[in-house]
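Understanding the architecture of this molecule
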Amino acid sequence: MIKYDRLQAILSLLDEQGSVRVSDLSSQFGVTEETIRKDLDTLEERKELKRVRGGAFKPDNKDKEVPILLRETMYQQEKQIMADHCMSLIEDGDSIALDSSTTCLTIATFLAKTKLKLTIITNSLDIFNVLKGHQTINLIGIGGNFRAVSHSFVGANAQSDISRYLIDKSFISSSGLSFGIGPTDNSDVESMVRHQFMSQSNQTILVVDHTKFDFRTVHIISDFSQINTVITDQMPLNSEWISFFDRENIQLIY
């Protein structure tokens, strides 16, 4: 298949699926992953798609977040490290909130292998599906408006549902984390759900990989006063974060 035909085929797949992965395209078209990356670069230069690590997606005019099927393939090793740290904080009998991030989805896959007696509250359809058959987990799904890009339930009904519960520990992710502001999100509706989880919780554990530090997006989730612990995959590259968390009495685990 010549390059022109390959580019058109990629665009057709984007129209159908919303996102594509480099590895899948390489297998489908019988070319190297490097060739596919160059194809995606070409299409991004034409503003036909948005490149991310491992693939590309067609941004929605109203919702520009990376689709969850692509996010699941990004920073997998880092998510495993962070999920392992999170497990050390979860105790038998806890009530736990898990947001719709792929990091929390990784935590859910760890929890699925345990026999801990837990109550887990989530607005994520994928997390619900991972844990729905577990014998010792009391699983509570939060309702609301379905957000296809994240497979999550959001909106006023979701926030109202969450407000009915008292939560021991919330595990929350964010798109960015910056001094003087706090955690931020790409989505206004997800930021409000995350804020509601935090407000109902005795402890909030923010789980963010190293790329989220010193980066901010448009929607504020909360300030640092609501965060008890930050879990990441490696020591922050900016050493100022170490002293900042110490001053704010926020536990840092990496």
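None of the values given here were measured: they were computed from a predicted structure. Here, residues in each chain are numbered from 1, in the same order as that chain's written sequence. Confidence filtering applies because this is a predicted model: local features only for residues at pLDDT of at least 70, side-chain atom pairs given and counted only at 80 or more, and all residues used for totals across whole chains, interfaces and linings. The side-chain figures draw on all heavy atoms in the structure; neither hydrogens nor water molecules are used.

**Some details on the state of the cysteines**
By definition, disulfides here are pairs of cysteine sulfur atoms that lie within 2.5 Å. Overall, the coordinates contain 0 disulfides when judged by the stated rule. Cys 104 provides the cysteine sulfur closest to Cys 86, a residue in no disulfide bond, and the two sulfurs are 7.2 Å apart. Residue Cys 86 is classed as buried on the basis of its relative accessible area, which comes to 0%. Given the relative accessible area of 1%, Cys 104 is considered buried. Burial classification: accessible surface area is computed with a 1.4 Å probe over protein chains only, and a residue below 20% of its type maximum counts as buried, one above 50% as exposed, and the rest as partly exposed.

**Remarks on helix 10 (residues 240–247)**
The numbering of helices and of strands both runs from the N terminus, where a helix is a DSSP run of H or I of at least 4 residues and a strand a run of E of at least 2. All of the buried residues in helix 10 are Trp 241, Phe 244 and Phe 245. Buried residues along helix 10 cover an arc of 95 degrees about the axis, so they all sit on one side. Exposed positions of helix 10 whose direction lies more than 90 degrees from the buried face are Asp 246 and Arg 247. The contact definition used throughout considers only heavy atoms, calling two residues in contact when any of these lie within 4.5 Å. For helix 10, the elements touching its buried residues are strand 10 (176–178), strand 14 (229–231) and strand 15 (251–253). Of the residues flanking the end of helix 10, it is Asn 249, one or two places downstream, whose phi is positive at about 60 degrees. By definition, the arc is the one covered by directions from the helix axis to the C-beta atoms.

**Looking at the pairing of strand 9 (residues 167–172)**
Counting buried positions along strand 9 yields 5 of 6 residues, so the element is predominantly enclosed. In this sheet, strand 12 (residues 201–207) lies alongside strand 9 in parallel orientation, the contact comprising 5 bridges. Note that in strand 12 the partner of Ser 170 across the bridge is Thr 204. Here, a strand pair is defined by DSSP locating no fewer than two bridges between the strands.

**Digging into the packing of aromatic side chains**
Centres within 6.5 Å make a pair out of two Phe, Tyr or Trp rings, where for Trp the six-membered ring is used; the pair is then stacked when the planes are under 30 degrees apart, edge-to-face when over 60, and tilted otherwise. A full pass over the atoms with the stated rule returns 9 aromatic pairs. Ring centres of Phe 179 and Trp 241 lie 3.9 Å apart, and the angle between their planes is 15 degrees; on these two criteria the pair is classed as stacked. Placement of the pair is Phe 179 in the loop between strand 10 and strand 11 (182–185) and Trp 241 in helix 10, with a sequence separation of 62 residues. Judged by relative accessible area, Phe 179 falls into the partly exposed class, the value being 30%. A residue is classified by how much of its surface remains accessible, and Trp 241, at 0% relative accessible area, is buried.

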